[in-house]
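Residues per chain, in single letters:
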Amino acid sequence: MKSKTFTTCIIFLFIVSNSFGQQREYVYHFDAAFRICNESQSLFTGQGAMKNNLFILRIWPNKFPDTTLIIAHFTDSSLSVNQGLFQSFYLNGNKESERNYENNVLTGPWMHWDNAGQMTDSLIYADGKLTDSGKFYYYENHTLNTFNFTDFKNDTYQVRNFNDSGKLTSEVYFIGQKGTRKFYLNGTVKMDSLFTRAEKEAAFRGGLGAWQRYITSRLMPNIKKFTESDYGTCVVRFIIDTDGKVSDVQATTMQGSALAKIAVDAVAHGPKWTPAMQYGSPVRAYRLQPVTLAPMR
C-alpha cells in the first residue's frame, strides 16, 4: 500500500513540474512594416516565450514558415522594450544584421552583412550614441575594395583602398579637417596634405528641378514613339570627369527600349555636370541617374 502511494506521488510531482516548466507561448502577426496587425492582413508571423528572464521572439514570412527573418529579445511579451540581442537574416539564411540593446538603448556593435555574407557596416554605440563607424566595399570577385573608419570621439577618419588582388594602393588619415593621403605604386610612396574631409556627389547643374526640365524637353518631342512597353524607369550609368564632361553612357535597365535610347542620348549629348568632390578637389566618378516615363492621364 505504501509503495503504491509513493508511486502515485512521484507521478503527480512529474505532472506538476512539467506544467510549471512549460512557458506560455505567444503568437503575433505583422504587416509589411512589422507592425502588429490582424492575421488576415499579415505578411509575417512571430512566436515568442520567456526564457532566462527574457522574452525571445522569432519572426518568419508567412510564405516561408521554416525561414527565420528575425530573432529578438525583449523584457516581456508586450515587445515594447528591446533587451539583449537582435538579429535579422536574409531568406537564404545568411545573417543580415546584429545589434544589442540595454533597456531599448543601442549599445555595443551594430553589424551588417550583404547577401553573400560580407560585412558592409560595423557601427559602435555607447548609451545610444554612435562612437565609431566602419564601412566596407568590395570588388565583384568579393575582395575588399575600400574600408572607411570614423572615430567620432577622437574626430579621426581613415580610408584604405585596395586593388582586386588585395594589395593596399592608397590610404587617407584625418584628424579633424587636416589629413594626409598616401599612394603606393611600384614600391614608392607619394604623400599629399589634405585640408578638408568634404565629399560631394556629382550633380546636374541647377539641381533636381533643372534635370527634370531638361529630361522632359528631350522626352516630349518623342512622346508619339513610345509604346506601353517603354513606360517605366531607365537607370543610366555614366562617368563624370573632373571637368564635368560625361562619358561611357549606358542604360543598366530597360535596354533596347525607346526610353533607354533617348535617355542615353540625352545624357551623352547634354550639358556638363558638376563633378564629384573629394577632400576639396574634383574627382572622376560614376553616376547612376534614373529617367522615368509614366503614361499621361
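Above this text you will find the structure in question.
The rules behind these values
Residues numbered from 1 in each chain as written. Predicted model: local features only at pLDDT ≥ 70, side-chain atom pairs only at ≥ 80, totals over all residues. Heavy atoms only, no water. Phe/Tyr/Trp six-rings, centres within 6.5 Å; stacked < 30°, edge-to-face > 60°. Helix = DSSP H or I, 4+ residues; strand = E, 2+ residues; numbered from the N terminus. Buried < 20%, exposed > 50% of the residue type's maximum accessible area, 1.4 Å probe, protein only. Lys NZ or Arg CZ within 6 Å of the ring centre and 35° of its normal. Expected span 1.5 Å × (residues − 1). Arc of directions from axis to C-beta. Contact = heavy atoms within 4.5 Å.

Draft legend 1. Representation of the packing of aromatic side chains. Overall, the coordinates contain 15 aromatic pairs when judged by the stated rule. When the centroid spacing of 6.1 Å and the interplanar angle of 40 degrees are considered together, the rings of Trp-110 and Tyr-125 count as tilted. Taken together, the residues span a long stretch of sequence, with Trp-110 in strand E8 (residues 108–113) and Tyr-125 in strand E9 (residues 119–126) at a distance of 15 residues. For Trp-110, a relative accessible area of 18% puts it in the buried group. Taken together, the aromatic side chains of Phe-204, Trp-211, Tyr-214, Phe-238 and Trp-273 make up a single cluster linked through ring pairs. One Lys or Arg, Arg-99, reaches over the ring of Phe-86 and ends 4.0 Å from the middle of that ring.

Draft legend 2. Helix H2 (residues 207–219), seen in detail. For H2, with 13 residues, the first-to-last C-alpha span of 19 Å sits near the 18 Å given by 1.5 Å per residue. Listed as buried for H2 are Ala-210, Trp-211, Tyr-214, Ile-215 and Leu-219. Down the axis of H2, the sector holding all buried residues measures 165 degrees, keeping them to one side. In this structure, the buried residues of H2 make contact with strand E17 (203–204), helix H3 (258–268), strand E20 (273–274) and strand E23 (285–293).

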